Amino acid sequence: MSDSTDMSAKREQLVVERVPKGLLIGGRWRPAKDGREYEVEDPSTAQPLCAVPDAGAEDARAAMDAAAAAQAGWAATAPRERGEILRRAYELIVERQNDLALLMTLEMGKPVAESRGEILYAAEFFRWFAEEAVRVDGGWATAPDGNGRIWVMRQPVGPALLITPWNFPMAMGTRKIGPAVAAGCTMIVKPAHQTPLSMLALAEILGNAGLPDGVLNVLTTSRPGEVSTPLLEDPRLRKLSFTGSTGVGQKLIGQSAAGVLRTSMELGGNAPLIVCADADLEKAVEGAAIAKMRNIGEACTAANRMYVHQDLAEAFTGRLAEKLGSMVVGRGTEPDAQVGPLIDSAGLGKVDRLVRDAVGVGARVVTGGEPLSGRPGYFYPPTVLADVPADAAMLREEIFGPVAPVVTFTDDDEAIRLANDTVFGLVSYVFTESLRRGIRYAERLETGMLGLNKGVVSTPAAPFGGVKQSGIGREGGFVGIDEYLEIKYVAVDV
Ligand code: NAP
């Protein structure tokens, strides 16, 4: 081992060692009640990184007790103080971005530069909601008959369960924790089993920033149902915010019915990316590459289906294949790596199955098309497929990997019909140089968000969310805090 390899390995070990490996309940780090632990894996080596507690039902009840006990005091804490805690946490995240980025890469796989991008994006949610904490307003009106007054106030919903996915281990957390803290809700966070370390590091930062004990409780677990079910059945829980697959979301909506919980659901996507005949080809290829390859294609916002006007299809496909095919695949810690491993063997297996299915029904491989062999970890190369037929499964299912299927269309009506032919409706992308055409697409696409000549839509300042089976509610923007507030109306006699 060379000196520099040795130093890198030591630094990796150190950032993992520094993370508190406990359940955070009522301000204390503790092991699971039954002593169980599970191993966290590095997807680039398929080797374990460390073990974390494997929470069960008893731990969930303890976390619920802590969140319920802290709720009244937290709701009564001055909004400015809540905002200042978020602001301090924002600054600490930015200060520690290098270690946090390495940690995220080790457990999730994406290249360190992308992890750093996520860390800063995640921190921005805290900065945004630090500012929103002091802007929760209400209303006052004279009743129409003049005999009374209508007073409307907004108050925290109450203890919330926040369940997050592995693909953006920190940003999907801060997008929920930020508004919950700002609104005055206490919470129990359950990160994905593959990526608990970023959330544990974030919880420690919030503690350092002054978040009182019991406001944020964290349960790491490999048995999600055992933890979520007692919480969803507990009448003290008032809110569920979930980011993950539509299938799990549907199940959780069902379980939330008993307690009539407020729910926010950020679910799966199947984003169409439409390149119109009048698109700027360079801009479209650039946007498509970003919309496809951000996060190794493991994003709910990833362009899942590329619909390209027949006049541009050949040029677009060739340029995209050139661009994606030249990307460097490697362990996320390697300085020149641009494409890391997929999250686990199930993720790799799904991408492989979808590509084989598409090729089996007639798609043509332009670049990539086979999992990388001869190395550990779950690597799949950037892949572009042309002439993908309508019955290919990847046009219906989220690919969640670096695979771009290209389909041609002849006119706008056809493109819109194809784009809307899905149960999902999270995000769409349209490339056109005509504003008039862009407006028509924006109005007719069934989508929660649209990238018009842009391959990335995410920003803490905008309302993020989907329609149809992609979700309920919005995160970020001015409306993000509303998900954590109840409206109370007081009829005043005067
Ligand atoms: P997932 O399998 O649905 O898991 C998401 C979270 O739910 C994880 O924490 C998981 O825990 C937990 N979970 C699984 N089964 C559960 C159960 N029965 N009860 C309670 N919790 C349960 O999704 P994923 O594979 O992690 O994430 C990828 C999906 O998330 C994709 O569909 C993607 O589109 C979607 N996503 C959506 C958005 C958005 O904003 N719309 C953003 C990012 C990702 P375990 O890890 O322990 O299984």
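The rules behind each value
- Residues numbered from 1 in each chain as written.
- Predicted model: local features only at pLDDT ≥ 70, side-chain atom pairs only at ≥ 80, totals over all residues.
- Heavy atoms only, no water.
- Phe/Tyr/Trp six-rings, centres within 6.5 Å; stacked < 30°, edge-to-face > 60°.
- Helix = DSSP H or I, 4+ residues; strand = E, 2+ residues; numbered from the N terminus.
- Buried < 20%, exposed > 50% of the residue type's maximum accessible area, 1.4 Å probe, protein only.
- Lys NZ or Arg CZ within 6 Å of the ring centre and 35° of its normal.
- Near = heavy atom within 4 Å.
- Polar contact = N/O pair within 3.5 Å; in protein donor to acceptor, adjacent residues only side chain to side chain.
- Areas by Shrake-Rupley, 256 points an atom, 1.4 Å probe, with all protein chains shown as cover.
- Nonpolar A, V, L, I, M, F, W, Y, C, P; charged D, E, K, R; others polar.
- Axes fitted to C-alpha atoms, helices over the stretch in contact; angles between N-to-C directions.
- Parallel < 35°, antiparallel > 145°, perpendicular 65-115°, else oblique.
- Left-handed = near helix turned anticlockwise from the far one by under 90°.
- Contact = heavy atoms within 4.5 Å.
- Domains from an automatic or database assignment.
- Buried area = accessible area lost by both parts, 1.4 Å probe.
- Salt bridge = Lys/Arg side-chain N within 4 Å of Asp/Glu carboxyl O.
- Pairing = 2+ DSSP bridges.
- 1 Å grid on protein atoms, 1.4 Å probe; cavity = no way out; pocket = protein on both sides within 12 Å on 5 of 7 lines; lining within 4 Å.
- Points joined across faces, edges and corners; volume = space filled by probe spheres on them.

1. Focus on the packing of aromatic side chains
Here is step 1 of the chain: According to the stated counting rule, one finds four aromatic pairs in the structure shown.
Here is step 2 of the chain: The interplanar angle of 65° and the centroid separation of 5.1 Å between the aromatic rings of Tyr121 and Phe125 together place this pair among those described as edge-to-face. Here Phe125 and Tyr121 lie together in helix H5 (residues 112-132), a separation of four residues that amounts to about one turn. In terms of burial, Tyr121 and Phe125 fall into one category: buried.
Here is step 3 of the chain: Ring geometry for Trp128 versus Phe478: centroids 5.4 Å apart, planes at 45°, classification tilted. Taken together, the positions of Trp128 in helix H5 and Phe478 in the loop between strand E19 (471-472) and strand E20 (485-493) put the pair 350 residues apart, joining distant regions of the chain.
Here is step 4 of the chain: Geometry around Tyr484 places Lys239 over its ring, the cationic atom sitting 5.0 Å from the centre.
Here is step 5 of the chain: Positioned over the ring face of Phe379 is Arg375, at 4.1 Å from the centre of the ring.

2. Observations concerning the site of the ligand
Here is step 1 of the chain: As a matter of local geometry, the ligand sits amid 31 residues, with Thr164, His193, Ser245, Leu267 and Glu398 nearest to it.
Here is step 2 of the chain: Contact between the ligand and Ser228: a nitrogen atom at 3.1 Å from a side-chain N or O atom of the residue.
Here is step 3 of the chain: Leu267 places a main-chain nitrogen or oxygen 2.7 Å from a nitrogen atom of the ligand.
Here is step 4 of the chain: Taken by itself the ligand offers 900 Å² of open surface, and the protein chains cover 88% of this.
Here is step 5 of the chain: With three residues, the single largest contributor to the shell around the ligand is helix H9 (residues 246-256).
Here is step 6 of the chain: Across the shell around the ligand, the residue classes tally to 15 nonpolar, eleven polar and five charged.

3. Some details on the packing of helix H8 (residues 224-232) against H9
Here is step 1 of the chain: At a minimum axis separation of 10 Å, H8 and H9 run at an interaxial angle of 30°. Taken as axis vectors, H8 and H9 run roughly parallel relative to one another. For the pair H8 and H9, the crossing hand works out as right-handed. Taking contact as the criterion, the partners of Ser228, Thr229 and Leu232 in H8 are, on H9, Leu252, Gln255 and Ser256.
Here is step 2 of the chain: Here the residues of the contact of H8 with H9 sort into two nonpolar, four polar and no charged.

4. Concerning the environment of Glu132
Here is step 1 of the chain: Here Glu132 lies in helix H5.
Here is step 2 of the chain: Since its relative accessible area comes to 9%, Glu132 is described here as buried.
Here is step 3 of the chain: Residues Glu132 and Val492, 360 residues apart in the sequence, show an inter-C-alpha distance of 28 Å.
Here is step 4 of the chain: Beyond its immediate chain neighbours, meaning those up to four positions away, Glu132 contacts Phe478 and Ile481.

5. Quick notes on the domain arrangement of the protein chain
Here is step 1 of the chain: By domain assignment, the protein chain separates into domain 1 (7-268 + 471-490) and domain 2 (271-423 + 427-459).
Here is step 2 of the chain: Relative placement of domain 1 and domain 2: their C-alpha centres are 30 Å apart.
Here is step 3 of the chain: Each partner contributes to the interface: domain 1 provides 25 residues, whereas domain 2 provides 27 residues.
Here is step 4 of the chain: In this assembly, domain 1 packs against domain 2 so that about 2000 Å² is buried in total across both faces, 57% of it on carbon and sulfur atoms.
Here is step 5 of the chain: Inspection of the region where domain 1 meets domain 2 yields two salt bridges.
Here is step 6 of the chain: A salt bridge links Glu12 to Arg331; the shortest N-O distance between them is 3.1 Å.
Here is step 7 of the chain: For the pair domain 1 and domain 2, the number of links is eleven residue pairs in polar contact (both at pLDDT 80 or more).
Here is step 8 of the chain: Counting residues per element, the ones that place at least two in the side of domain 1 that touches domain 2 are strand E3 (37-42), helix H4 (97-108) and H5.
Here is step 9 of the chain: No other element matches H4, which puts five residues into the side of domain 1 that touches domain 2.

6. Focus on the pairing of strand E6 (residues 148-156)
Here is step 1 of the chain: As judged from the four bridges shared by strand E5 (residues 139-142) and E6, these two strands associate in the antiparallel manner. Pairing of Thr142 across the sheet is with Arg149, part of E6.
Here is step 2 of the chain: Here E5 folds back onto E6, and the loop between the two strands holds five residues, one of which, Gly146, carries a positive phi near 80°.
Here is step 3 of the chain: Bridge analysis of E6 against E20 gives nine bridges, and the strand direction is antiparallel. Looking at E20, one finds that Trp151 is bridged to Val490.

7. Here we look at the sheet that holds E20
Here is step 1 of the chain: Judged by pairing direction, the sheet is antiparallel, and its three strands sit side by side in the order E5-E6-E20 without closing on themselves. Looking along the sheet, the strands with just one partner apiece sit at the ends: E5 and E20. Neighbouring strand axes in the sheet, compared pairwise and without regard to direction, differ in orientation by 20° on average.

8. Quick look at the sheet that holds strand E18 (residues 449-452)
Backbone-to-backbone hydrogen bonds join strands into a sheet, with any given pair of strands oriented parallel or antiparallel.
Here is step 1 of the chain: Reading across from one edge, E14-E15-E16-E13-E12-E17-E18 is the order of the seven strands in this open sheet, with mixed pairing throughout. Two strands lie at the open edges of the sheet, namely strand E14 (364-367) and E18, each paired on one side alone. Sheet twist, expressed as the average angle between the axes of neighbouring strands with direction ignored, equals 25°.
Here is step 2 of the chain: Pairing analysis gives five bridges linking strand E12 (residues 271-275) to strand E13 (residues 303-309), with the strands arranged parallel. Each residue of the ladder has a partner; that of Ala271, found in E13, is Ala303.

9. Points about helix H13 (residues 412-420)
Here is step 1 of the chain: Along H13, the residues classified as buried are Asp412, Ala415, Ile416, Leu418, Ala419 and Asn420.
Here is step 2 of the chain: Where H13 is buried, its residues meet E12, E13, strand E16 (403-409) and helix H14 (435-444).
Here is step 3 of the chain: The N-cap of H13, judged by a side-chain oxygen 3.2 Å from the amide nitrogen of Asp413 a few residues on, is Asp411.

10. Digging into empty space enclosed by the protein
Here is step 1 of the chain: The tally for this structure, following the rule as stated, stands at three cavities of 30 Å³ or more.
Here is step 2 of the chain: Forming the walls of the largest cavity are 13 residues, and the residues nearest its centre are Pro272, Phe424, Gly425, Ser428 and Glu446.
Here is step 3 of the chain: Among the elements of the structure, E12, H13 and strand E17 (427-431) are those that each provide at least two residues to the lining of the largest cavity.
Here is step 4 of the chain: Classifying every residue of the lining of the largest cavity gives six nonpolar, five polar and two charged.

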